[in-house]
Amino acid sequence: MRARNVAIALTVAVAVYLVLLAGRAVALLRTGETVPVLLGVAVLVLPLLGVWMLVTTWRSGNQVQRLARRLDAEGGLPDVSDLPRRPSGRVDRQAADAWFDERRAEVEAEPEDWRRWYRLAHAYDIAGDRRRARATMRKAIELEAGDRA
């Protein structure tokens, strides 16, 4: 719950910034002069992109949370509490790699199961590969949506 509160606070801060930025864009547009109007149009694109990024990030987060709740209800959430840790608290690299190999083998054995893709995304995350973790989680979300339909 703490992470969600931080996310809400950061979203509010970004939203305030986007409103202020949009205000500056409108002020530039109202000048009526060519260069400030062109700059105002360019600046107005930034808040629009910001809103799009906020919406897609929140939607993705909610989808991941839905999958996590469903997996938790089924008793299938990945548990890495027994893996050895470094002094920093991160999972030991060799242990993370071994755990990852197990999750990858699960996906290869049953590639249409969103639960296995979710656990593989978690394995990517503990291995430190956030880009692949996000891509793999998107695959899990896609498969789970097809599973519900």
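To start, this report covers the structure provided alongside it. (Residues numbered from 1 in each chain as written. Predicted model: local features only at pLDDT ≥ 70, side-chain atom pairs only at ≥ 80, totals over all residues. Heavy atoms only, no water.)

1. Here we look at the pattern of salt bridges
Part 1 of the argument: Counted by the stated rule, this structure contains 14 salt bridges.
Part 2 of the argument: Among the salt bridges present, the one from Arg103 reaches Glu102, with a minimum N-O distance of 3.3 Å.
Part 3 of the argument: For Arg103, a relative accessible area of 9% translates into the label buried.
Part 4 of the argument: Taking relative accessible area as the criterion, Glu102 reaches 43% and is therefore assigned partly exposed.
Part 5 of the argument: Of the charged contacts in the structure, one is a salt bridge between Glu106 and Arg119, with a shortest N-O distance of 3.7 Å. Remark: Arg119 occurs in helix α4 (residues 114-127) and Glu106 occurs in helix α3 (residues 93-109); sequence separation between them is 13 residues.
Part 6 of the argument: Through salt bridges with shared partners, one network takes in Arg66, Arg70, Glu74, Glu110, Asp113, Arg115, Arg116 and Glu144. (Salt bridge = Lys/Arg side-chain N within 4 Å of Asp/Glu carboxyl O. Buried < 20%, exposed > 50% of the residue type's maximum accessible area, 1.4 Å probe, protein only. Helix = DSSP H or I, 4+ residues; strand = E, 2+ residues; numbered from the N terminus.)

2. Observations concerning α4
Part 1 of the argument: Here α4 contains 14 residues, and its C-alpha end-to-end distance of 20 Å stays within 8% of the 20 Å for a straight helix at 1.5 Å per residue.
Part 2 of the argument: A large share of α4 lies buried, amounting to 10 of its 14 residues.
Part 3 of the argument: Buried residues of α4: Trp114, Trp117, Tyr118, Arg119, Leu120, Ala121, Ala123, Tyr124, Ile126 and Ala127, and no others.
Part 4 of the argument: At the N-terminal end of α4, a side-chain oxygen is found 3.1 Å from the backbone nitrogen of Arg115, two or three residues along, and the residue is Asp113. (Expected span 1.5 Å × (residues − 1). Polar contact = N/O pair within 3.5 Å; in protein donor to acceptor, adjacent residues only side chain to side chain.)

3. Looking at the environment of Arg103
Part 1 of the argument: With respect to the secondary-structure elements, Arg103 resides in helix α3.
Part 2 of the argument: Among all residues touching Arg103, those that are not within four sequence positions of it are Arg119, Leu120 and Ala123.
Part 3 of the argument: Looking at Arg103, its side chain comes within polar contact range of the side chain of Glu102, at 3.3 Å. (Contact = heavy atoms within 4.5 Å.)

4. Structural notes on the packing of helix α2 (residues 34-73) against α4
Part 1 of the argument: The geometry of α2 relative to α4 is characterised by a closest axis approach of 11 Å and an angle of 110° between their N-to-C directions. Considered as vectors, α2 and α4 are oriented roughly perpendicular to each other. Relative to α4, the crossing made by α2 is left-handed. Here α2 contributes Val64, Leu67, Ala68, Arg70 and Leu71 to the contact with α4, which in turn contributes Trp114, Arg115, Tyr118 and Arg119.
Part 2 of the argument: Its residues assigned to classes, the contact of α2 with α4 comprises six nonpolar, no polar and three charged. (Axes fitted to C-alpha atoms, helices over the stretch in contact; angles between N-to-C directions. Parallel < 35°, antiparallel > 145°, perpendicular 65-115°, else oblique. Left-handed = near helix turned anticlockwise from the far one by under 90°. Nonpolar A, V, L, I, M, F, W, Y, C, P; charged D, E, K, R; others polar.)

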